[in-house]
Amino acid sequence: MLPLAAKVLVPASAAGRGMLCCIRCYCKRTQNLLRVCEAISGDTLGTNIKVQGWVRSVRAQKDNLFLHVNDGSTLQSLQVVASSELNHRLLTFGSAVVVSGSLVKSPNQKQAVELKAEQIQVVGECNPVDFPFKIKKKHNIEYIRQFPHLRCRTNAFSSLLRIRSEATAAIQSYFKENNFVQIHTPVITSNDCEGAGELFHIEEIETDQEKSHFFSVPAYLTVSGQLHLEVMSGAFPRVYTLGPTFRAENSQSRRHLAEFYMVEAEISFTHSLEDLMKVMEEMFRSVTEHLLTHCSEDMDLFHKHVAPGHRDNVDTMMRKKFNVITYTEAIDILEQSPQKFVFKTEWGCDLQTEHEKYLVKHCGNILLFVTDYPYDLKPFYARDNQDRPRHTAAAVDLLVPGVGELCGGSLREERLEPLRARLAEYE
């Protein structure tokens, strides 16, 4: 490249002069394109920068124009100060803009820096009359949900999506650092994973032509990647998957979703529930610490407006070791409780959300492991504790304050005869 540049420095023709001009333009230093979060940090104070985003507010005065621009990288918006000469009728709330100028220290105590604009380009128009969100009006969640294509521009949903993105990255990071191999389990499958949930059946669209089946067997949207992971655990000691899961349960409650993402993991060569509990606790702590560090503003928004006082509970949970009780101990606590429950609380019944929340509260609002569930409540592959007369399986659930069950797991039955006997019960 250097010899070529040396040759064209003395062009002998008009074509040569044009080539030299192009090279000079290409080599000219361009403005630094920054995200809003990078500009707000102030690390590039005193330099010429360019930002791209959407206008959150417009305020025009006689001599100056003030804008707040946000690009989704942070909860905060960048204040833009410009001459009133740069104002334009298309510069409205919700419009998409590219702003170039100098990043300077702000005289206003509300923000550390501001962008002194030299150029404002409207690249996407927005009619503020037709736009469903108004600049000075606070909209409730029910109203915002009516506009799925625009709700990501609001503070609540943009914060939630950033938190979700960071949580996904933190989960992946934890498993990678602990030597798990990620497995991409199929979304379309022929198994129902031991009846883990109601299935969405996949069928071809009928046409006038003779009907033919795309698959040779019935096909469904996956309810779990567990069976595929179990196969992989025969070759890798630690495997996990993080992907979409589908449940066709006809329920409108917040606890039943048609589609959600689920983390599943399998560990080989273990004979202890403590090994599973160690992974659950470490992952919870690792992800929570990551979010508190990297999403502090977004987390504070929810702690302030959605769950006031919850931040103190989180700090307490992170400081203390998780509690551990057996299922039998849990039933004893529930039976001695003065609280009246909707669902029964006798040994052998499945724990409901109301039971789980009470148990966590009773144990100090600290995350709680419940172990050794009744054998008949667990699937055939759960390891038999062989502890009659109260027959239990080596299974564990992690209960969280205000939520109930967050995750669960069990040891797999590796002994052939007990496994055969259990399978015979299903014949």
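In the block above lies the structure referred to throughout.
All values reported here derive from a predicted model rather than from experimental measurement.

So what about the nonpolar core? Which residues, and what values?
Among the nonpolar cores identified, the biggest contains 32 residues, and Phe175, Leu273, Val287, Leu291, Leu367 and Phe369 are the most heavily contacted of them. Of all the secondary structure elements, the ones that give two or more residues to this core are α5 (155–177), β11 (238–246), α7 (273–294), α9 (310–319) and β15 (392–400). The element that contributes the greatest number of residues to this core is α7, accounting for 10 residues. Not counting residues up to four positions away in its chain, the partners in contact with Phe175 are Phe180, Tyr240, Val263, Ala265 and Met283. With 21 residues, the next largest nonpolar core counts Leu67, Ala82, Val97 and Ile120 among its residues.

If you had to explain a nonpolar patch on the surface to someone new, which residues and values would you point to?
Among the surface-exposed residues, Val187, Ile188, Phe214 and Phe215 lie close enough to one another that they form a single nonpolar patch of about 380 Å² accessible area. One can find Val187 in the loop between β7 (181–182) and β8 (188–189).

A description of the state of the cysteines should follow, citing residues and the corresponding values.
Per the stated rule, a full pass over the model turns up zero disulfides. With no disulfide of its own, Cys295 lies 12 Å from the sulfur of Cys37, the closest cysteine sulfur.

Give me the lowdown on the packing of aromatic side chains, citing residues and values where you can.
What the rule picks out here adds up to 14 aromatic pairs. Taken together, a centroid distance of 5.8 Å and an interplanar angle of 75 degrees make the contact between Phe284 and Phe322 edge-to-face. Here the residue Phe284 occupies a position in helix α7, and Phe322 occupies one in the loop between α9 and β13 (323–326), the gap between them amounting to 38 residues. Each member of the pair, Phe284 as well as Phe322, carries the same accessibility label: buried.

So what about the pairing of strand β5 (residues 96–105)? Which residues, and what values?
Summarising burial for β5: eight of the 10 residues are buried, a large majority. As judged from the seven bridges shared by strand β2 (residues 48–60) and β5, these two strands associate in the antiparallel manner. Following the sheet pairing, Gly53 is matched in β5 by Val97. As paired strands, β5 and strand β6 (residues 113–124) are joined by 10 bridges and run antiparallel to one another. Looking at the pairing, Leu103 lines up with Leu115 of β6.

Residues and numbers for the pattern of salt bridges, please.
Taken as a whole and judged by the stated rule, the model has 13 salt bridges. The shortest N-O distance in the salt bridge between Glu414 and Arg383 comes to 2.9 Å. Linking Glu414 in the loop between β16 (404–410) and α12 (416–424) with Arg383 in the loop between β14 (368–374) and β15, this pair joins segments that are 31 residues apart in sequence. One salt bridge in this structure joins Arg422 and Glu425, with 3.5 Å as the shortest N-O distance. According to the relative accessible area criterion, Arg422 is buried, its value standing at 4%. The exposure class of Glu425 is exposed, given its relative accessible area of 58%.

Break down α9 for me, citing the residues and quoting the values.
Note: α-helices contain 3.6 residues per turn, so residues at a spacing of three or four share the same orientation. When we look at burial in α9, the residues that qualify are Val314, Met317 and Met318. The buried residues of α9 occupy an angular sector of 95 degrees when projected down its axis, which confines them to one face. Away from its buried face, by an angle of more than 90 degrees, α9 presents the exposed residues Asp312 and Arg319. Against α7 and α8 (296–305) lie the buried residues of α9.

Thresholds, definitions, all that
Residues numbered from 1 in each chain as written. Predicted model: local features only at pLDDT ≥ 70, side-chain atom pairs only at ≥ 80, totals over all residues. Heavy atoms only, no water. Core = buried A, V, L, I, M, F, W, Y, C linked by side-chain atoms within 4.5 Å. Buried < 20%, exposed > 50% of the residue type's maximum accessible area, 1.4 Å probe, protein only. Helix = DSSP H or I, 4+ residues; strand = E, 2+ residues; numbered from the N terminus. Contact = heavy atoms within 4.5 Å. Patch = residues over 30% accessible without salt bridge, like charges linked within 9 Å, V, L, I, M, F, W, Y side chains within 5 Å. Areas by Shrake-Rupley, 256 points an atom, 1.4 Å probe, with all protein chains shown as cover. Salt bridge = Lys/Arg side-chain N within 4 Å of Asp/Glu carboxyl O. Disulfide = S-S within 2.5 Å. Phe/Tyr/Trp six-rings, centres within 6.5 Å; stacked < 30°, edge-to-face > 60°. Pairing = 2+ DSSP bridges. Arc of directions from axis to C-beta.

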